[in-house]
Amino acid sequence: MSTFKVAVLEDTKKIVFHEAEKKEPGEKQVLVKVDSCAICTLEQRVYNGVMNRYPFAGGHEAAGTVEAAGNKVMGVKPGDKVAIRLLNSCGECYYCRNGHENQCMKSFIAETQECAMGPGGLAEYMMVNAADVYKMADDIDLSHAALSEPLACCVHSIENGKIELGDDVVVIGIGIMGALHIQLAKLKGARVIACEVDEKRLEVAEKMGADVLIHSEKTDAVEEVRRLTDLRGADAVFCTVPAAALAKQAVDMTGKLGRTVFYTSFHPDKPIEISPNKVHSSEQIITGTVNPQKRDFLIATKLLSSKLIDVSELISDKVPLAEVDRAFEEAIRPDTYRIVVRP
């Protein structure tokens, strides 16, 4: 019997390798040899004990090479480079059937690996449904392909922001998601204003294509955005930082007919003060964004495959699976972007 290793979070900061049986794929299954799996905030929260989901086979930002495919799989073949959509949806609830599977009532109940619940990308192999496998370009760097999922989240967010050519767009917070928002907004034809308190992250914003940089500790960001837009305010504002005070700033710096998008989940979830008259008279739209739809994931894989989006600056380190503890310790540091684990 052939086996492979799966990294399982069994308790706070406790990772144990399990042996899983390597099987032949069923009719509509694909066996993927994992090349790269990035560590997301979800895995970091389980690792730190903020979320108690033990035992948990983490890793939902994964890419690899098809090793074998079932006899009814049509989209990929052995040798293909692929990204895997691991934050799944049930397909049966009201929202899935209404074309909004990102709002699925039973989403993310993944059992990719038999040894533990979870998406299971921190492993040497994965057996997944063919519908969740997306073919990538033959020449793609698979560590870049692993970022298809976070990019897909940002694609969904940008679509909710309804950016038009020539719009003034503000991105608050230049972590990896803010950085991806900048690149996507530039592709939409916007002037992008980046707000951040960290000098190094402002440098990243500039590399991503931001047209204007605002150091939010040194400058009143709301007033500066108003000044830059002839007092109109921004056409779209994306808040990617989980701080209620910045959510209020996002609302305040949005102009008439503008869209305010709360990208991140907020911890703690504190209420903010909003003028209902301002929303009424300006027709400002305040919305959120959560999880990518299948279409968003497809767009993300196309953008990466065609190299319209460059994520090379957003990978802080690549760590072998055998050193996954070190990878998590790097990932939870505030000065890193994505840490990619490579079996």
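Scroll up to find the structure.
Just so you know, these numbers come straight off a predicted model, no measurement behind them.

**Things to note about the nonpolar core**
Most often, soluble globular proteins have nonpolar side chains that are buried together. Core analysis: the largest hydrophobic core is formed by 48 residues, its most contacted members being Leu 151, Leu 180 and Ile 182. Contributions of two or more residues to this core are made by helix H3 (142-145), helix H4 (148-161), strand E8 (168-172), helix H5 (176-187), strand E9 (191-196), helix H6 (199-208), strand E11 (234-239) and helix H10 (294-305). Counting residues per element, this core draws most heavily on H5, at 7 residues. Beyond its immediate chain neighbours, meaning those up to four positions away, Leu 151 contacts Leu 180, Leu 184, Ala 300, Leu 303, Leu 304 and Ile 309. Counting 33 residues, the second largest nonpolar core, distinct from the first, contains Val 34, Cys 37, Phe 56 and Ala 331.

**Let's talk about a nonpolar patch on the surface**
Residues Tyr 94, Tyr 95 and Met 105 make up a contiguous nonpolar surface patch of about 380 Å² in total accessible area. By the element assignment, Tyr 95 lies in helix H2 (residues 94-97).

**Here's the deal with the pattern of salt bridges**
The tally for this structure, following the rule as stated, stands at 26 salt bridges. A salt bridge links Glu 114 to Lys 23; the shortest N-O distance between them is 2.8 Å. One end of the pair, Glu 114, is in the loop between H2 and strand E6 (125-129); the other, Lys 23, is in the loop between strand E2 (14-21) and strand E3 (29-38), and 91 residues separate them in sequence. With relative accessibility at 35%, the residue Lys 23 sits in the partly exposed group.

**Quick word on the sheet that holds strand E10 (residues 212-215)**
Here we have 6 strands laid out as an open sheet, ordered E10-E9-E8-E11-E12-E13, and parallel in their pairing. Only two strands of the sheet have a single neighbouring strand rather than two, namely E10 and strand E13 (285-288). Neighbour to neighbour, the strand axes of the sheet diverge by 15° on average, direction disregarded. Two strands pair when backbone bridges link them, and E11 and strand E12 (residues 254-262) are joined in this way by 5 bridges, in the parallel orientation. Paired with Ala 234 across the bridge in E12 is Thr 254. Each of E9 and E10 is contacted by H6, which is oriented at about 170° to E10, the strand it contacts most. Contacting E8, E11, E12 and E13, helix H8 (residues 244-252) runs over the sheet at an angle of about 155° to E12.

**Re the packing of aromatic side chains**
The full count for this structure, using the stated rule, is 5 aromatic pairs. Summarising the aromatic geometry, the rings of Tyr 94 and Tyr 95 are spaced 5.2 Å apart at their centres and angled 90° between planes, so their arrangement reads as edge-to-face. Here Tyr 94 falls in the exposed class, since its relative accessible area comes to 60%. Residue classification places Tyr 95 among the partly exposed residues on the basis of a relative accessible area of 35%. A ring pair is formed by Tyr 134 and Phe 297, whose centres lie 4.7 Å apart and whose planes are at 45°; its orientation type is tilted. One end of the pair, Tyr 134, is in strand E7 (residues 133-135); the other, Phe 297, is in helix H10, and 163 residues separate them in sequence. Each member of the pair, Tyr 134 as well as Phe 297, carries the same accessibility label: buried.

Procedures and definitions
- Residues numbered from 1 in each chain as written.
- Predicted model: local features only at pLDDT ≥ 70, side-chain atom pairs only at ≥ 80, totals over all residues.
- Heavy atoms only, no water.
- Core = buried A, V, L, I, M, F, W, Y, C linked by side-chain atoms within 4.5 Å.
- Buried < 20%, exposed > 50% of the residue type's maximum accessible area, 1.4 Å probe, protein only.
- Helix = DSSP H or I, 4+ residues; strand = E, 2+ residues; numbered from the N terminus.
- Contact = heavy atoms within 4.5 Å.
- Patch = residues over 30% accessible without salt bridge, like charges linked within 9 Å, V, L, I, M, F, W, Y side chains within 5 Å.
- Areas by Shrake-Rupley, 256 points an atom, 1.4 Å probe, with all protein chains shown as cover.
- Salt bridge = Lys/Arg side-chain N within 4 Å of Asp/Glu carboxyl O.
- Pairing = 2+ DSSP bridges.
- Axes fitted to C-alpha atoms, helices over the stretch in contact; angles between N-to-C directions.
- Phe/Tyr/Trp six-rings, centres within 6.5 Å; stacked < 30°, edge-to-face > 60°.

Shape is all these values report; function is a separate question.
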